[in-house]
Amino acid sequence: MELAFSGTSGILIMLFYGIIMLLIGVGTYMRNRNVHSSLEEYYLGGRGLGTMVLFFTFFATQYSGNTVIGYSAEAYRVGYANLVSIPFFIMIILVYLLFAPRMYKLSKKHNIVTPVDWLEMKFNSKAVSILAAIIMLYALGNFLLEQLIAIGQGVAGLTGGTVPYQAGVIFFIVIMVVYGWLGGMRSVAYTDTMQGIALLVGVFMLLIGTIVYFGGLPAAGDYIRTYSPENLGVPEGGGLVRWSNFLILVGIGAAVYPNAIQRIFSAKSERALKRSLTQMAWMPFVTAGVVFVIGILAYTAFPDLSVEESEQIVGMMASAIANEHIIFYIAMVLLFGGIIAAIVSTADSVLLTFSSIVSKDIYGRYINREASDNRKILVGKIVGVIAVAFLLMIAWNPPGTLYQVFVLKLEILVQVAPAIILGLYWERSHAKSVFAGMLTGALVAAIFTFAGLTPLGIFSGVWGLIINLIIYVAGSFAFGTAPAKDAVAQVDGQEATQSVR
Amino acid sequence: MKQKTREPIMNYRIWIGFLIIFILLNPWYFPSGDPVLVYGVPLWALVIMGVTVVLSLYITYVIRYHWDVEDEEESGEEEK
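Keep in mind that what you see is a predicted model, and the values were worked out from it rather than measured. Residue numbering note: each chain is counted from 1, following its sequence as written. Note on labels: chains are lettered from A, ligands numbered from 1, in written order. Confidence filtering applies because this is a predicted model: local features only for residues at pLDDT of at least 70, side-chain atom pairs given and counted only at 80 or more, and all residues used for totals across whole chains, interfaces and linings. Side-chain metrics rest on all non-hydrogen atoms present in the structure, leaving aside hydrogens and water.

1. A closer look at the overall build of chain A
- Assigned secondary structure in chain A consists of 22 helices and zero strands.
- Using C-alpha atoms as the atom set, the radius of gyration is obtained and then compared with a globule rule of 2.2 Å times the number of residues to the power 0.38. Relative to the globule expectation of 23 Å for 501 residues, the C-alpha radius of gyration of chain A, 23 Å, shows essentially globular dimensions.
- In terms of principal-axis extent, the alpha carbons of chain A reach across some 70 × 55 × 45 Å.
- By the burial criterion, 65% of the 501 residues in chain A qualify as buried. The secondary structure listing takes helices from DSSP runs of H or I that are at least 4 residues long and strands from runs of E that are at least 2 residues long, numbered from the N terminus. Here's how the labels work: a residue is buried when its accessible area is under 20% of the maximum for its type, exposed when over 50%, partly exposed in between, all with a 1.4 Å probe on protein chains only.

This is the structure we're talking about:
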């Protein structure tokens with residue numbers, strides 16, 4: 001099929017978006033020249049993000065171009081069973097309610113910059129901090145790799161191969177590194193805002209165009225009934241277990257993403273944080289929901305695609321619609337850029353957090369304690385760029401479909417959740433048990449994932465989490481003592497506990 | 001004053017509500033077989049969407065009325 005954005009127009013659109021991102025990065029740097037003076041300034045935007053910017057940076061961190069490309073393809077393939085993608089994004093906010101209020105307060109009071117900072121303060125254990133840092137860096141690296149692959153596939157797919165995979169990746173990575181390098185969290189958050197708006201508008205126009213030219217849900221329902229009626233059925237047995245596993249694994253896993261947690265630290269005030277999280281609780285309907293509907297509506301347009309072909313479903317639909325009317329052509333330009341921008345905006349926050357953990361938790365804590373903040377930031381940046389270069393080499397030969405890669409990193413990352421969340425409230429938490437639980441959970445999750453084991457249909461990450469929690473809780477009951485090691489943490493804990501009654 | 005501090009996790013009643021919503025969020029209570037379609041959408045999917053809206057409403061309510069932990073002096077510098 002002739003794609004609407006092949007040839008020169010594809011290249012121009014890409015350049016246009018790239019330049020805008022770069023300008024935002026440079027503009028932010030010009031306005032905040034002291035950004036490299038402290039870790040808080042660089043990695044948390046000076047803890048000054050207001051409601052709107054905070055909302056969009058949460059938004060862009062959580063929703064990637066993947067959400068649009070991968071999830072609509074998945075909805076096309078499995079049908080209504082993929083409806084779970086809407087509530088699982090809301091579950092993330094529910095999990096925030098477990099820890100964000102206290103985490104925000106503590107971070108402000110004790111100048112916490114990374115989630116590992118918090119673990120260090122709470123458990124005062126080298127083993128826990130280093131293991132958590134390794135797990136987070138691994139998951140972030142995997143996540144970043146996924147975004148790099150998605151950038152390449154997105155650019156190549158949407159331009160019908162005019163812009164080769166490698167060129168697309170290199171172009172956007174360079175831009176991302178430059179604006180991230182210049183302005184840190186502020187650049188990332190401001191570009192997130194522009195990227196989020198482009199994605200939202202584009203996805204909505206794709207939905208409208210699909211309905212206008214291919215018909216709405218009733219028509220799609222008839223098609224699905226004819227071609228694959230099983231896609232209409234309610235999930236049962238294994239499908240039901242899979243459904244609830246997704247709610248738990250994504251809810252907890254995505255909430256403890258280190259880059260998501262850092263956004264809690266970056267909030268200007270509790271009020272800004274509350275408002276942006278409230279807005280986030282409603283976003284899944286207009287993002288994952290719209291994307292899901294697009295995948296379902298695609299049946300009417302392309303009723304009989306193979307798995308391989310279905311991966312390109314968004315590009316094919318966007319192209320078909322863009323060829324119909326000039327308004328939709330413009331809208332699809334926006335969508336095209338929006339999808340790429342959304343991938344870049346997820347990648348940039350991952351990279352920034354990756355660097356912050358290297359700066360503060362590895363270099364600053366164990367290698368050179370005396371280093372200035374400026375030097376720590378520099379080390380974080382350089383290691384970040386080296387990591388990107390390494391991941392790029394892997395990205396040249398991308399593995400499997402995007403969706404499988406996504407599940408793999410959550411399985412591991414979710415193992416830091418007990419330490420981060422339970423550690424906030426349970427004074428008895430015993431550092432060695434926390435470490436043993438986290439390590440065993442991560443190993444179980446990794447081994448089960450690689451061996452393809454899902455006993456009882458439960459995901460490997462959830463098994464790891466269950467074993468992790470058992471070791472954590474049993475060990476803390478056996479060896480833990482009620483008074484905390486860290487006096488400051490204890491004061492905070494008691495204060496909050498007593499005052500709520 | 002400190003007594004006004006409210007933290008969602010410290011109020012167990014909130015979590016009973018979330019547990020009920022979570023249980024209803026899993027589509028175990030629908031009959032199997034050919035689903036009823038309402039404007040092309042399976043009925044079970046519409047019900048799940050309804051529960052999902054309730055989840056978002058409940059989260060909005062909890063954030064609005066059960067989360068207030070910032071100190072007095074800090075809240076003074078809040079944005080408009």
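2. So, the packing of aromatic side chains
All names here are of chain A.
- Aromatic pairing here means that ring centres of Phe, Tyr or Trp (its six-membered ring) are within 6.5 Å. Orientation follows from the plane angle: under 30 degrees is stacked, over 60 is edge-to-face, and everything else is tilted. Applying the stated criterion across every chain, the model contains 32 aromatic pairs over all chains.
- Centroid distance Y213 to F328: 5.6 Å. Interplanar angle 75°. Geometry classified as edge-to-face. You can see Y213 sitting in helix 8 (residues 165-214) and its partner F328 sitting in helix 16 (residues 326-367), a full 115 residues away along the chain.
- Since its relative accessible area comes to 29%, Y213 is described here as partly exposed.
- Aromatic ring contacts, followed pair by pair, group F55, F56, F59, Y63, Y71, F88, F89, F246 and F459 into a single cluster.

3. A short note on the packing of helix 8 of chain A against helix 17 (residues 373-395) of chain A
Residue and element names in this part refer to chain A.
- Across the interface, helix 8 lies against helix 17 with an axial gap of 12 Å and an inter-helix angle of 170°. One element, helix 8, and the other, helix 17, form an angle in the roughly antiparallel class. Contact residues: helix 8 offers Y165, V169, I170, I173, V177 and W181, while helix 17 offers L378, K381, I382, V385, V388, L392 and A395.
- As a working rule, the residues Ala, Val, Leu, Ile, Met, Phe, Trp, Tyr, Cys and Pro are called nonpolar, Asp, Glu, Lys and Arg charged, and the rest polar, with Gly in that last group. By residue class, the composition of the contact of helix 8 with helix 17 is twelve nonpolar, no polar and one charged. The angle between two axes is taken between their N-to-C directions and runs from 0 to 180 degrees, where each axis is a line fitted to C-alpha atoms and a helix contributes only its stretch in contact. Oblique is the label for any angle not under 35 degrees, not over 145, and not in the 65 to 115 range, which are roughly parallel, roughly antiparallel and roughly perpendicular in turn. We call two residues contacting when some pair of their heavy atoms lies within 4.5 Å.

4. Here's the deal with the interface of chain B and chain A
- Taken together, the contact between chain B and chain A spans 48 residues of the former and 51 residues of the latter.
- Take the accessible area each of two parts loses on contact, using a 1.4 Å probe, and add the two losses: that sum is the buried area. Across the chain B to chain A interface the summed buried area is about 4,600 Å²; carbon plus sulfur atoms make up 70%.
- Salt-bridge detection follows one rule: a side-chain nitrogen of Lys or Arg within 4 Å of a carboxyl oxygen of Asp or Glu. Scanning the region where chain B abuts chain A turns up one salt bridge.
- Between E7 of chain B and R102 of chain A there is a salt bridge; the shortest N-O distance is 2.9 Å.
- A 3.5 Å cut-off defines polar contacts: any pair of N or O atoms within that distance qualifies, except that in protein one atom must be a possible hydrogen donor and the other a possible acceptor, and neighbouring residues in sequence count only when both atoms are side-chain atoms. Linking chain B with chain A are eight residue pairs in polar contact (both at pLDDT 80 or more), by the criterion used here.
- Within the residue set of the side of chain B that touches chain A, elements represented by two or more residues are helix 1 (12-25), strand 2 (41-42) and helix 2 (43-65) of chain B.
- Looking at the side of chain B that touches chain A, its residues break down into 28 nonpolar, eight polar and twelve charged.

5. Some words on the UniProt feature "transmembrane region" (unreviewed entry) in chain B
Residue and element names in this part refer to chain B.
- UniProt positions are given in the numbering used here, feature names are shortened, and annotations may be inferred rather than shown by experiment. Following the UniProt record, one finds the feature "transmembrane region" (unreviewed entry) at residues 12-30 and 36-59.
- Its end C-alpha atoms 29 Å apart, residues 12-30 is made of 74% helix and 0% strand.
- Secondary structure across residues 36-59 divides into 71% helix and 17% strand, with the first and last C-alpha atoms of the span separated by 30 Å.

6. Some thoughts on the nonpolar core
- Working definition of a nonpolar core: buried Ala, Val, Leu, Ile, Met, Phe, Trp, Tyr and Cys residues. They are joined through side-chain atoms within 4.5 Å. Core analysis: the biggest nonpolar cluster contains 195 residues, and Y96 and F99 of chain A together with I59 of chain B have the highest contact counts within it.
- The element contributing the most residues to this core is helix 7 (residues 126-158) of chain A, with 19 residues.

7. Structural notes on helix 10 (residues 238-255) of chain A
- Taking 1.5 Å per residue as the helical rise, helix 10 of chain A with its 18 residues ought to reach 26 Å, and the 25 Å between its terminal C-alpha atoms agrees with that figure.
- Looking only at helix 10 of chain A, the buried set comprises W243, S244, N245, F246, L247, L249, V250, G251, G253, A254 and A255 of chain A. What a helix is expected to span follows from its residue count: subtract one and scale by 1.5 Å.

8. Description of the packing of helix 12 (residues 270-286) of chain A against helix 13 (residues 288-301) of chain A
Residue and element names in this part refer to chain A.
- Axis separation between helix 12 and helix 13 bottoms out at 3 Å; the angle between their running directions is 10°. Classified by the angle between their axes, helix 12 and helix 13 sit roughly parallel to one another. Contacts between helix 12 and helix 13 involve P284, F285 and V286 on the former and, on the latter, A288, G289 and V290.
- Here the contact of helix 12 with helix 13 is built from residues that sort into five nonpolar, one polar and no charged.

9. Focus on the pattern of salt bridges
Residue and element names in this part refer to chain A.
- Going through the model one piece at a time under the given rule, you end up with twelve salt bridges over all chains.
- A salt bridge links D117 to K360; its shortest N-O distance comes to 2.8 Å. Taken together, the residues D117 in helix 6 (residues 115-123) and K360 in helix 16 connect sequence positions 243 residues apart.
- When its relative accessible area of 7% is taken as the criterion, D117 is described as buried.
- Among the ionic pairs, D117 bridges to R365, the shortest N-O distance being 2.5 Å. Highlighted residues: D117 in helix 6 and R365 in helix 16, separated in sequence by 248 residues.

10. Some words on a nonpolar patch on the surface
All names here are of chain B.
- Patches here are clusters of residues that have more than 30% relative accessible area and form no salt bridge, with a 9 Å joining cutoff for like charges and a 5 Å cutoff for nonpolar side chains (Val, Leu, Ile, Met, Phe, Trp, Tyr). All accessible areas in this document rest on Shrake-Rupley with a 1.4 Å probe, and a residue is counted as covered only by the protein chains that are shown. A surface patch of nonpolar side chains, amounting to about 720 Å² of accessible area, comprises Y12, I16, L19, I20, I23, L24 and W28.
- Its place among the elements puts W28 in the loop between helix 1 and strand 1 (37-38).
- Judged by its relative accessible area of 49%, W28 is partly exposed.

11. Brief notes about unusual backbone geometry
- Its identity is not glycine, yet N124 of chain A carries a phi of approximately 50°, on the positive side.
- Of note, N124 of chain A is situated in the loop between helix 6 and helix 7.
- What makes N124 of chain A exposed here is its relative accessible area of 57%.
- Positioned with a positive phi, Y39 of chain B is a non-glycine residue whose angle comes to about 50°.
- Examined against the element boundaries, Y39 of chain B turns out to sit in the loop between strand 1 and strand 2.

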